[in-house]
Amino acid sequence: MKTTTPLASLESNVGIFGWIWIVASLAALYFLAMAIFADGAWSSFIWTVGIGILAQRLTKSFQDNQRRMIFEARLIREGYTLEHTGNEWVSKSNEVDK
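Residues numbered from 1 in each chain as written. Predicted model: local features only at pLDDT ≥ 70, side-chain atom pairs only at ≥ 80, totals over all residues. Heavy atoms only, no water.

### Some remarks on the overall build of the protein chain
The line we're drawing: Going along the chain from the N terminus, every DSSP run of H or I of four or more residues is numbered as a helix, and every run of E of two or more is numbered as a strand. Put simply, the radius of gyration uses C-alpha atoms, and a globule should come to 2.2 Å times the residue count raised to 0.38. A 1.4 Å probe rolled over the protein chains alone gives each residue an accessible area, and that area as a share of the maximum for its type sets the label: buried under 20%, exposed over 50%, partly exposed in between. For the accessible areas, the method is Shrake-Rupley and the probe is 1.4 Å, while residue cover comes only from the protein chains on display. Residues counted as positive are Lys and Arg, residues counted as negative are Asp and Glu, and His and the chain ends are not counted. Where a charge lies is defined by one atom per residue type, namely NZ (Lys), CZ (Arg), CG (Asp) and CD (Glu).
Across its full length, the protein chain carries three helices and zero strands. Put simply, the protein chain runs from its N terminus to its C terminus through helices and strands in the order α-α-α. Taken over the C-alpha trace, the protein chain has a radius of gyration of 19 Å; the compact-globule value for 98 residues is 13 Å, which it surpasses by more than 25%. Sorting the 98 residues of the protein chain into buried and exposed places 20% on the buried side. Counting only carbon and sulfur atoms, one obtains 63% of the accessible surface of the protein chain, whose full area is about 7,100 Å². When the 9 positive and 9 negative side-chain charges of the protein chain are each reduced to one mean point, those points stand 3 Å apart.

### So, the pattern of salt bridges
Selection rule: Only one rule defines a salt bridge in this text: a Lys or Arg side-chain nitrogen within 4 Å of an Asp or Glu carboxyl oxygen.
Scanning the model with the defined rule gives two salt bridges in all. Between Arg 68 and Glu 72 there is a salt bridge, with the nearest N and O atoms lying 3.3 Å from each other. Taken together, the residues Arg 68 and Glu 72, both in helix 2 (residues 42-77) and four residues apart, mark about one turn of the helix. By relative accessible area, Arg 68 is classed as partly exposed at 27%.

Below is the structure:
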């Protein structure tokens, strides 16, 4: 199972959306201060908060996909079937949720 290219793609997506999340968070703080103290537009603050939330969720989703791919690749190297690796990932994620 070749995982190098998809993992590199996921890593770049994590980096891109992570930086968008950081910049949007800082911009939201700026627009909040401008809206409170300088009679700025609240719409700018709301838009940047929305963009920041979306970027955060995408970043965490891409990181979760990275972890899943690495976990499944390790199990496949150990001789597990593809179906069994999916079941192991689901059972592992259910343990974490509890």
